[in-house]
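The lines below spell out each chain.
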Amino acid sequence: MKISFLFKLFIVFLVLISGSSVFSYYSLLYEQNELEEPYHFIVEKGESLHHIAARLKEENVINSISVLKVASRLSRKSTSIRAGEYKFPAKSSAKEILDILVSGQFVVRRVTIPEGKTSQQIFDMLLQTSGLTGDLGVPPENGTLLPETYTFSYGIPRSVIVDRMKEGAKKAIDELWETRKPDLPYQTKQEALVMASIIEKETAIPEERPHIASVFVNRLRQGMRLQTDPTVIYAVTNGTMELKRKLTISDLRFQHPFNTYTNKGLPPAPICNPSRDAIFAALNPIESNDIYFVADGTGGHTFSRTFAGHQQNIRSWKRVEAEKRGKGVKTSATAKPAVKKAKSTPHRKRSVKR
């Protein structure tokens with residue numbers, strides 16, 4: 001009788017102890033951390049659950065290593081955590097963190113490739129983009145990479161982004177080639193990309209691209225030189241398009257296959273990687289008789305059919321620039337966000353002259 005009573009008392013004690021442990025476990029599992037901002041956390045490839053939990057505890061993301069480990073094992077999800085980058089909300093609990101870790105919902109990163117960059121410039125950007133891995137070899141030819149915003153997860157090889165850019169560029173020219181107007185003065189997709197690359201560097205205003213295209217198409221049809229400054233910049237910078245000074249008269253006379261002041265027709269290859277919109281403009285120029293354009297002082301251009309009209313537009317541009325200087329307004333390309341830096345040739349008035 002006495003033994004039976006002591007045994008029952010022991011059982012009651014175990015139940016109480018067990019209940020207390022369960023209550024403590026669930027309290028810690030749903031207890032929020034004290035972080036005030038969302039927290040980014042990277043799980044490395046091959047990292048163990050214990051090491052993940054230890055780092056989370058060290059960084060005050062969870063309050064107990066053992067609770068996260070027990071919860072993971074009880075839910076049979078300890079092997080479901082994949083390497084990658086995760087984002088935990090502020091004030092999140094161990095339960096929320098575990099759910100995020102096993103969900104496989106990685107943080108989406110983005111890299112935006114601006115329009116009009118050379119392939120080398122794009123590779124330089126990718127090499128400086130955090131979250132991407134691996135080296136890159138020799139950049140492909142200009143015109144083979146599509147400028148756009150690309151999403152990726154932490155740890156993706158840079159070559160994957162490059163492959164997607166190549167696929168995007170090929171798809172763009174293949175699709176848009178079918179929309180081209182008849183009787184264009186260029187017969188191949190490659191020539192269309194060359195024209196698109198020049199259009200891209202000549203204006204930062206999307207609405208102007210088809211008009212810029214019409215000027216160059218008209219000049220080609222009339223056997224006139226294109227005389228576009230970006231091709232000169234390409235020539236004198238050996239293809240880097242990084243000119244940190246104004247173009248000079250000697251630059252315009254520089255003998256180079258890409259210099260459209262000294263050579264008729266299109267350059268032998270694209271001078272940058274054009275956008276889809278620039279490709280469309282090259283293949284679908286507006287109908288016009290214009291063969292000249294010049295900067296209007298506000299980031300855009302004015303167009304003309306005659307040299308006399310062109311000269312008048314140049315005088316108007318000069319007045320605008322003089323007014324800016326009188327008011328202390330900088331007129332360099334870096335002071336005008338609408339104009340691309342690679343086309344910083346203010347003394348040339350960004351014009352097609354003859």
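Per chain, residue numbering runs from 1 following the sequence as it is written. pLDDT decides what is reported in this predicted model: residues at 70 or higher carry local features, side-chain atom pairs at 80 or more are listed and counted, and totals for whole chains, interfaces and linings draw on all residues regardless. In computing side-chain values, all of the structure's heavy atoms are included and hydrogens and water are not.

### Here we look at the nonpolar core
Nonpolar side chains in soluble globular proteins tend to be buried together. Our working rule: Buried Ala, Val, Leu, Ile, Met, Phe, Trp, Tyr and Cys residues form a nonpolar core when they are joined through side-chain atoms within 4.5 Å. For the exposure calls, accessible area comes from a 1.4 Å probe over protein chains only, and a residue counts as buried if that area is under 20% of its type's maximum, exposed if over 50%, partly exposed in between. Here a strand is any run of E in DSSP of at least two residues, a helix any run of H or I of at least four, and the numbering for each starts at the N terminus. The criterion used for residue contact is that any of the two residues' heavy atoms lie within 4.5 Å.
Grouped together as the largest cluster of nonpolar side chains are 51 residues, with contacts concentrated most on L126, Y186, I279 and L283. The greatest single-element share of this core, amounting to 8 residues, is contributed by helix α6 (residues 158–177). Setting aside residues no more than four positions away along its own chain, Y186 makes contact with E191, A192, M195, V217, L220, L266, A282 and L283. Listed in part, the 22 residues of the second largest apolar core include F41, I52, L56 and I100.

### Quick word on unusual backbone geometry
Even without glycine at this site, D183 takes up a positive phi of about 65°. Relative to the assigned elements, D183 resides in the loop between α6 and α7 (189–202). A residue is classified by how much of its surface remains accessible, and D183, at 68% relative accessible area, is exposed. One non-glycine residue with positive phi stands out, namely M241, at about 60°.

### Structural notes on the pattern of salt bridges
Definition in use: Basic side-chain nitrogens of Lys or Arg form a salt bridge, by our definition, when they fall within 4 Å of a carboxyl oxygen of Asp or Glu.
Taken as a whole, this structure holds 13 salt bridges when the rule is applied. R276 serves as the salt-bridge partner of E175, at 2.9 Å between the closest nitrogen and oxygen. Here E175, found in helix α6, pairs with R276, found in helix α11 (residues 276–283); they are 101 residues apart in sequence, far enough to count as distant. Here R276 falls in the partly exposed class, since its relative accessible area comes to 36%. A salt bridge links K181 to E287; the nearest nitrogen and oxygen atoms lie 3.8 Å apart. Of this pair, K181 sits in the loop between α6 and α7 while E287 sits in the loop between α11 and β5 (292–295), and the two are 106 residues apart along the sequence. Look at the salt bridges and you will find they share partners, linking E115, E200, R209 and D277 into a network.

### So, the packing of aromatic side chains
Rules: Only Phe, Tyr and Trp rings take part, Trp by its six-membered ring, and two of them pair if their centres are within 6.5 Å. Stacked means planes under 30 degrees apart, edge-to-face means over 60, and tilted covers everything else.
Applying the stated criterion across every chain, the model contains 6 aromatic pairs. On the basis of an interplanar angle of 35° and a centroid distance of 4.4 Å, the ring pair of Y234 and F258 is categorised as tilted. Here Y234, found in helix α9 (residues 229–236), pairs with F258, found in the loop between α10 (249–252) and α11; they are 24 residues apart in sequence, far enough to count as distant. Three or more aromatic residues joined by ring pairs make a cluster, and in this case those are F216, F293 and F303.

### Description of the layout of surface pockets
Here is the rule we go by: Buriedness of a pocket was judged along seven lines, with at least five required to meet protein on both sides within 12 Å; pockets are open sets of points on a 1 Å grid over the protein atoms alone, cavities are sets where a 1.4 Å probe fits but cannot get out, and lining residues have an atom within 4 Å of a point. Grid points are joined across faces, edges and corners, and a volume is the space filled by probe spheres set on the points. Amino acid classes used here: Ala, Val, Leu, Ile, Met, Phe, Trp, Tyr, Cys and Pro are nonpolar; Asp, Glu, Lys and Arg are charged; the rest, including Gly, are polar.
Its volume calculated, the second largest pocket comes out at about 240 Å³. Forming the walls of the second largest pocket are 15 residues, and the residues nearest its centre are T118, Q120, N142, Y234 and G239. Across the lining of the second largest pocket, the residue classes break down as 4 nonpolar, 8 polar and 3 charged.

### Quick word on the environment of Y234
Y234 gets classed as buried once you look at its relative accessible area, which sits at 13%. Separated by 37 residues in sequence, Y234 and I271 place their C-alpha atoms 6.6 Å apart. Residues in contact with Y234, not counting those within four places in the same chain, are N142, G239, M241, F258, P270 and I271.

### Brief notes about the packing of helix α2 (residues 49–58) against helix α3 (residues 65–74)
Where we set the bar: Interaxial angles span 0 to 180 degrees and are taken between N-to-C directions of axes, which are lines fitted to C-alpha atoms, for helices over the stretch in contact. Any angle that falls under 35 degrees is termed roughly parallel, while one over 145 is termed roughly antiparallel, one within 65 to 115 roughly perpendicular, and all others oblique. In a left-handed crossing the near helix is turned counterclockwise from the far helix by less than a right angle, and in a right-handed crossing that turn is clockwise.
Put simply, α2 and α3 touch, their axes get as near as 9 Å, and they point 140° apart. When the interaxial angle is binned, α2 and α3 end up oblique. The crossing of α2 and α3 is right-handed. The residues of α3 that touch α2, namely those facing L49, H50, A53, A54, L56 and K57, are I65, L68, K69, S72 and R73. By residue class, the composition of the contact of α2 with α3 is 6 nonpolar, 2 polar and 3 charged.

### Section: the confidence of the model for the protein
Stated formally: The pLDDT score gives, residue by residue, the confidence of the prediction method on a 0 to 100 scale.
When the pLDDT values of the protein are averaged, the result is 83; 83% of them are 70 or greater. Under a pLDDT of 50 for its full length, residues 6–20 has, in the predicted model, 0 contacts with residues more than four places off or in other chains. In the model, residues 329–354 has pLDDT below 50 throughout and makes 79 contacts with residues more than four positions away in sequence or in other chains.

### Some words on empty space enclosed by the protein
It is the rolling of a water-molecule-sized probe over the atoms that shows where space remains empty. If you walk through the whole model with that rule in mind, you get 3 cavities of 30 Å³ or more. The calculated volume of the second largest cavity comes to roughly 40 Å³. As for the second largest cavity, its lining consists of L28, E31, N33, V61, I62, N63, S64, V67, S92, S93 and A94. Of the residues that constitute the lining of the second largest cavity, the class distribution is 5 nonpolar, 5 polar and 1 charged.

### Description of α11
For α11, every residue scored as buried is listed here: A278, I279, A281, A282 and L283. The inward-facing, buried residues of α11 contact α6, α7 and α8 (209–221).

### Things to note about the pairing of β5
For a regular strand, the rule is simple: side chains alternate between the two faces of the sheet. Put simply, the test is: Here a strand pair is declared whenever DSSP counts at least two bridges between the two strands.
Of the two faces of β5, the one lined by Y292 and V294 and the one lined by F293 and A295 are each fully buried. Pairing geometry for β5 and strand β6 (residues 301–304), over 4 bridges, is antiparallel. Directly across from A295, in β6, lies its bridge partner H301. Counted between consecutive antiparallel strands, the loop separating β5 from β6 contains 5 residues, among which G297 sits at a positive phi close to 90°.

### Quick look at helix α4 (residues 94–103)
When α4 is considered as a whole, its buried residues turn out to be A94, I97, L98, I100, L101 and V102. With its phi angle positive at about 75°, G104 sits one or two positions after the end of α4.

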